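Structure at a glance
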Amino acid sequence: MSWSRGGWRSRKSSQIPDYPNPPALREAEDRLKTYPPLVFAGEIRQLKSELARVADGGGFLLQGGDCAETFADFNTFNIRDTFRVLLQMALILTFVGEKPVVRVGRVAGQFAKPRSNPTEKTPEGEIPSYRGDMINRREPAGRTPDPERMIRAYFQSAATLNLLRAFAGGGYADIHKASKWLLDFVGKSPVREKYEALARGIDKTIGVMRAYESLEGGALPAHPQRIDFYSSHEALFLPYEEALCRNDSLTGDPVAGSAHFLWLGERTRDPEGPHTEFLRGVVNPIGIKCGPGAEPREIERLLEKLNPDNEKGRITLILRAGVGKAELAYSRLIREIVSAGREVVWCIDPMHGNPRLHSSGVKTRYFTDILYECKIFIEVCRAEKVHPGGLHLEMTGKNVSECLGGFDSVDDLSRDYETTCDPRLNASQALELAFAVAECLAADRG
Ligand code: PEP
Ligand code: CO
């Protein structure tokens, strides 16, 4: 079936709003088409081969970041702190779980949000829903889609990636600094103590290895200064995705240049919809969110469209049913996809199936639900003999109080509730979860 970059335009989606001034949107898209891509084909090929190894059971995918990036929260410290927690989590998963970890941020492009309703009721009347900073403003007066916001999201993504590339390539991520990655606010907590003990153990192991190497007179390998870090977001706003689509200079294949990894959300994974149509033509690794109602037959249809050759590393199924429905939904889905012979990475998103409305009226999630769904996922994978290959989280490096519970026991949501979208794990909760999941994975093997 032939494919073109703009082929998605003949299919409708309620997730892509109409713009009041279509020529202005076209003009902004034309400008974006001339700008450099944010990611490159060689990096995308490398991520795909790392995910192929995960699909084979030889690694683990860690994907995390904000529910939605915003223009207001764009600053060096936020980027650094989220990056640092992801590094710490990866370290925990590598050393406790004993698997190499593929690190992917929900970052540098996660600006467009799906909506269950196109409008929202306010005391002043019904207004269009907020769809993420790439499209409109959160303030009720700013809900008209504005194409210049797409350009601003591009430049913010470019600056964010620039910093992340420097951190990943310039020594900040060096494992020798593991003990220096401690976050200031993680006071004397059991999580901090566990992390310190792990970092000391790693320092010691490296010291022993170096001593052996010098005893043997072998050349000491260079310090592992560089790590790989990849970007990802939901490929929701297709005018942006199309404008950043490029061709691989080696193979000529179409590549989404907006991020290394793109996913179809629970509301954008219609096999006949525009999002699937666009993604089937680009070579990037693709995620598919699978909620409690994800029918195996429907997911199979998506796999036929998105990965007709059953290429390993191309598809990650991101399960997000919620604790109540997880066990049944996951065993049924895994069984059918496996019996169809499909190669996928199995990943758990324990956030989106577990929303709770707090008595104060804000959205929250319980740490216990999040951890419990991870455990159900690992157990079902074990029972079905597939590799529990990944963890997809909404988290931040800041000490926010958006999810309830954890060792440090967040019980007051009003202390520091900042998210403009879904509640995120704070740094301490994210590390605690990484330890618990890593221990479960290790037990899985032993
Ligand atoms: C998200 O990841 O922020 C999201 C909206 O997820 P889902 O599509 O699974 O609801
Ligand atoms: Co979310």
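The preceding data block contains the structure.
This section reports on the structure supplied with the text.

The end-to-end C-alpha distance of helix H2 (residues 41-55), which contains 15 residues, comes to 21 Å, matching closely the 21 Å that a straight helix rising 1.5 Å per residue would cover. Taken together, the buried positions of H2 are Ala41, Ile44, Leu47, Lys48, Glu50, Leu51, Ala52, Val54 and Ala55. In the segment just after H2, glycine 57 is the residue with positive phi, at about 95 degrees.

Another point: the sheet that holds strand S13 (residues 363-366). Here three strands make up an open sheet; going across it, the order is S12-S13-S15 and the pairing mixed. Each of the sheet's edge strands pairs with one partner strand only, and the pair in question is strand S12 (356-357) and strand S15 (403-404). In the sheet, S12 pairs with S13 via two bridges, with the strands oriented antiparallel. Note on S13: the bridge partner recorded for arginine 356 is threonine 364.

Once that is clear, we can look at the pairing of strand S14 (residues 388-394). When you tally the buried positions in S14, you get seven out of seven residues, the bulk of the element. Of the strand pairs in this sheet, strand S1 (residues 60-65) and S14 are connected by five bridges, and their pairing is parallel. Within the sheet, the bridge partner assigned to glutamine 63 lies in S14 and is histidine 392. With three bridges connecting them, strand S11 (residues 345-348) and S14 associate as parallel partners. Pairing of tryptophan 346 across the sheet is with proline 388, part of S14.

Core analysis: the biggest nonpolar cluster contains 115 residues, and Phe237, Leu317, Trp346, Leu425 and Leu433 have the highest contact counts within it. A per-element tally of this core places helix H11 (residues 427-445) first, with eleven residues. Leaving out residues up to four positions away in the same chain, phenylalanine 237 has contacts with Ile16, Pro17, Tyr19, Leu25, Ala112, Met134, Ile135 and Met150. Ranked by size, the runner-up nonpolar core spans 13 residues in total, among them Leu47, Leu51, Ala55 and Trp263.

Most of strand S10 (residues 315-319) sits inside the fold, with five of its five residues counted as buried. Residue alternation in S10 divides its side chains into two sets, Ile315, Leu317 and Leu319 and Thr316 and Ile318, and both sets are buried. In this sheet, S10 lies alongside strand S9 (residues 286-290) in parallel orientation, the contact comprising five bridges. By the bridge assignment for S10, cysteine 290 is matched with leucine 319. Of the crossover connections in this fold, the one passing from S9 over helix H8 (residues 296-306) to the parallel S10 is right-handed. Relative to S11, S10 runs parallel, the two sharing four bridges. Residue pairing across strands places threonine 316 opposite valine 345, the latter belonging to S11. Taken together, S10, helix H9 (residues 323-339) and S11 constitute a β-α-β crossover, and its handedness is right-handed.

Criteria and cut-off values
- Residues numbered from 1 in each chain as written.
- Chains lettered and ligands numbered in written order.
- Predicted model: local features only at pLDDT ≥ 70, side-chain atom pairs only at ≥ 80, totals over all residues.
- Heavy atoms only, no water.
- Helix = DSSP H or I, 4+ residues; strand = E, 2+ residues; numbered from the N terminus.
- Expected span 1.5 Å × (residues − 1).
- Buried < 20%, exposed > 50% of the residue type's maximum accessible area, 1.4 Å probe, protein only.
- Pairing = 2+ DSSP bridges.
- Core = buried A, V, L, I, M, F, W, Y, C linked by side-chain atoms within 4.5 Å.
- Contact = heavy atoms within 4.5 Å.
- Right-handed = clockwise from strand over helix to strand, strands pointing away.

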